[in-house]
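Letter by letter, the chains look like this.
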Amino acid sequence: MCRTGSPAKSYLEPVWVVAVLLLLVPVARCAERLNILAIGQVMPGESVIPAWFDADPLVRYVLIATDIDIMGGTWVAGQPVMEDAWRRYIRIYFPKTREALVRDFEFIVFPDGYIEPFTAYQKEDMKYGMENGVGSLVTMGGDLAAPGYKSYPGWKNSVLYDLMPVELTDNMKQDFSQYRVHVVKTDPAVLSVFVPLGIEKISGSGFTYLYPRAGTTTWAKLSSGTLPSGVPGEWLVSWRCGPSGGTFWTVADDLDHPWWSSRQNEYAMDVFLNILLYSTGRSLPSDILTVHEIRSHYWHYNQEKLLLLSLLEFVDSFGGNTRSLEEQIEAADQEKARSFELYRTEEFDGALDWVEKGIRRIRTTAENAVKVKDRALLWVYLVEWSAVTGTVLASGLVVYTLLVKRRLYKEVEVTRSGA
């Protein structure tokens with residue numbers, strides 16, 4: 001929570017002087033944290049969600065994994081062990097009451113949202129939350145793309161289906177063709193701010209045929225040479241879940257598809273966060289390029305720090321002294337924390353300066369870590385060299401003594417037996 005100081009009051013000062021001083025005191029604006037619940041395919045390495053949310057200081061999030069691709073999703077080695085794991089995550093992290101859900105979270109994200117492990121009561125709680133101001137987004141391009149897919153029955157047969165802005169029908173199909181996005185709603189500028197930056201020229205692949213319900217808002221459509229006649233071709237649609245409900249979004253692809261990859265679309269994270277900001281009643285960034293640059297710096301800082309920590313673990317395993325390096329990382333984290341504070345008060349220039357200082361310190365620390373690693377490994381190499389050299393010398397001495405000089409050999413004496 002941000003606090004601003006006020007000038008000390010003195011009962012001897014005239015009231016008008018105090019009033020003037022109070023007017024001159026700068027007031028810091030503290031942005032509220034954006035509390036997100038992410039359900040589905042959300043684990044680091046499987047989803048971009050954690051990396052994106054870590055790159056924005058406003059976001060505070062909780063992950064509830066209910067799906068992974070690397071183990072086939074539901075079944076492992078013929079046993080539903082993952083289903084038990086999903087239910088355990090839900091028991092730990094999902095709010096215990098619907099009132100807590102509304103109080104603690106403003107938005108629920110369902111990337112590949114497999115909701116079968118939730119109980120009927122928990123789905124009712126989610127519905128209650130959505131009807132009382134909690135926003136939501138469901139990706140339709142993965143396991144929710146067609147009737148035969150894993151996540152489809154859970155949504156179709158749940159109380160949440162009536163709140164979805166699209167219909168789940170037998171006509172749905174997952175199409176792996178190339179497509180491009182065309183923004184059709186320009187105000188508010190949730191997506192249109194990125195049009196001059198080229199998002200309509202980005203090629204994606206893999207989408208689902210969406211069939212929006214009456215009364216929904218289409219934000220963007222997709223164009224593809226394989227789109228059949230009669231298919232609406234919506235890419236992103238939304239509507240409000242009742243008079244006091246949150247905004248419910250559906251997108252035709254999935255967050256692990258190419259359009260959302262930073263290699264393909266450098267503004268993918270900013271597009272997603274714009275949706276969250278708008279849905280929760282926050283103002284959109286007035287300078288999206290500066291905000292994009294700062295978020296990118298936070299993302300790079302996190303990645304470089306992870307690599308550095310891996311290097312420190314390696315150095316420590318060989319007996320290297322990492323204490324000074326850990327202190328340097330702590331100093332870099334403090335610089336990043338200062339940047340976070342400035343970002344939350346929309347002092348973007350200062351935030352950018354501080355995170356750049358943090359990145360430079362992390363990189364310098366990485367260079368120092370390499371030197372410590374080289375020193376630690378030098379002793380390893382010396383010990384190995386000494387052991388090998390000693391073994392060679394000892395073996396050579398034995399060979400020389402036994403086979404060359406033959407000092408240990410004695411001539412066999414022959415005795416003659418008497419007649």
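Residues numbered from 1 in each chain as written. Predicted model: local features only at pLDDT ≥ 70, side-chain atom pairs only at ≥ 80, totals over all residues. Heavy atoms only, no water.

Quick word on the overall build of the protein chain
A tally of helices and strands in the protein chain yields 10 helices and 9 strands. Looking at the 419 residues of the protein chain, the share that counts as buried comes to 45%. When the accessible area of the protein chain is evaluated, it comes to approximately 22600 Å², of which 55% is carbon and sulfur surface. (Helix = DSSP H or I, 4+ residues; strand = E, 2+ residues; numbered from the N terminus. Buried < 20%, exposed > 50% of the residue type's maximum accessible area, 1.4 Å probe, protein only. Areas by Shrake-Rupley, 256 points an atom, 1.4 Å probe, with all protein chains shown as cover.)

Focus on the nonpolar core
Counting 94 residues, the largest nonpolar core has Phe53, Trp155, Trp235, Trp260 and Phe272 as the members making the most contacts within it. In terms of residue count, helix H7 (residues 268-279) provides more of this core than any other element does, 8 residues in total. When near neighbours in sequence (up to four residues on either side) are disregarded, Phe53 contacts Ile36, Val59, Tyr61, Val109, Phe272, Leu273 and Leu276. (Core = buried A, V, L, I, M, F, W, Y, C linked by side-chain atoms within 4.5 Å. Contact = heavy atoms within 4.5 Å.)

Concerning the environment of Phe318
Residue placement: Phe318 occurs in the loop between helix H8 (288-317) and helix H9 (323-344). Taking the C-alpha atoms as reference, Phe318 lies 8.2 Å from Lys373; in sequence the two are 55 residues apart.

Overview of the pattern of salt bridges
Across all of its chains, the model carries 16 salt bridges by this definition. Salt-bridge contacts for Arg323 lead to Glu326; the nearest nitrogen and oxygen are separated by 3.9 Å. Note that Arg323 and Glu326 are positioned in helix H9 at a spacing of 3 residues, about one turn of the helix. Under the relative-accessibility criterion, Glu326 is labelled partly exposed at 38%. The salt bridge involving Glu327 is made with Arg323; its shortest N-O contact spans 3.4 Å. Highlighted residues: Glu327 and Arg323, both in helix H9, separated by 4 residues, approximately one helical turn. A cluster of three or more residues bridged by salt bridges with shared partners is formed by Asp56, Asp270 and Arg295. (Salt bridge = Lys/Arg side-chain N within 4 Å of Asp/Glu carboxyl O.)

Description of the packing of aromatic side chains
Evaluation of the coordinates by the stated rule reveals 20 aromatic pairs. Here Phe53 and Tyr61 contribute two aromatic rings whose centre-to-centre distance is 5.4 Å and whose plane-to-plane angle is 55 degrees, an arrangement assigned as tilted. Using a relative accessible area of 1% as the deciding quantity, one classes Phe53 as buried. Overall, the relative accessible area of 24% leaves Tyr61 in the partly exposed class. With centroids separated by 5.4 Å and ring planes inclined at 70 degrees, the aromatic side chains of Phe94 and Phe118 adopt a geometry described as edge-to-face. One end of the pair, Phe94, is in the loop between helix H3 (81-93) and helix H4 (98-104); the other, Phe118, is in the loop between strand E3 (107-110) and helix H5 (120-130), and 24 residues separate them in sequence. (Phe/Tyr/Trp six-rings, centres within 6.5 Å; stacked < 30°, edge-to-face > 60°.)

Points about the sheet that holds strand E1 (residues 34-40)
Sheet strands pair by backbone hydrogen bonding; their relative direction is either parallel or antiparallel. Strand order in this open sheet of 9 strands is E2-E1-E3-E4-E9-E8-E7-E5-E6, and the pairing throughout is mixed. The sheet is open, and its two borders are formed by strand E2 (59-65) and strand E6 (203-208), each paired with just one other strand. Pairwise comparison of adjacent strand axes, ignoring direction, gives a mean angle of 25 degrees for this sheet. Sheet contacts for H7: E1, E2, E3, strand E4 (135-139), strand E7 (217-223), strand E8 (234-240) and strand E9 (247-251); angle to E9, the most-contacted strand, approximately 160 degrees. (Pairing = 2+ DSSP bridges. Axes fitted to C-alpha atoms, helices over the stretch in contact; angles between N-to-C directions.)

Examining the side chain of Ser158
Considering the arrangement of structural elements, one finds Ser158 in the loop between helix H6 (152-156) and strand E5 (174-183). The exposure class of Ser158 is buried, given its relative accessible area of 11%. Here Leu160 takes part through its backbone nitrogen, which lies 3.2 Å from a polar atom of the side chain of Ser158. Setting aside anything within four residues of it in sequence, one finds Ser158 in contact with Ile115 and Lys123. (Polar contact = N/O pair within 3.5 Å; in protein donor to acceptor, adjacent residues only side chain to side chain.)

Some remarks on H3
In this model, H3 (13 residues) spans 19 Å end to end at C-alpha, consistent with the 18 Å of a helix rising 1.5 Å per residue. All buried positions along H3 are accounted for by Met82, Glu83, Ala85, Trp86 and Ile90. Down the axis of H3, the sector holding all buried residues measures 160 degrees, keeping them to one side. For H3, exposure combined with an orientation more than 90 degrees from the buried face picks out Arg91 and Ile92. Among the structural elements, E2 and H5 are those in contact with the buried residues of H3. (Expected span 1.5 Å × (residues − 1). Arc of directions from axis to C-beta.)

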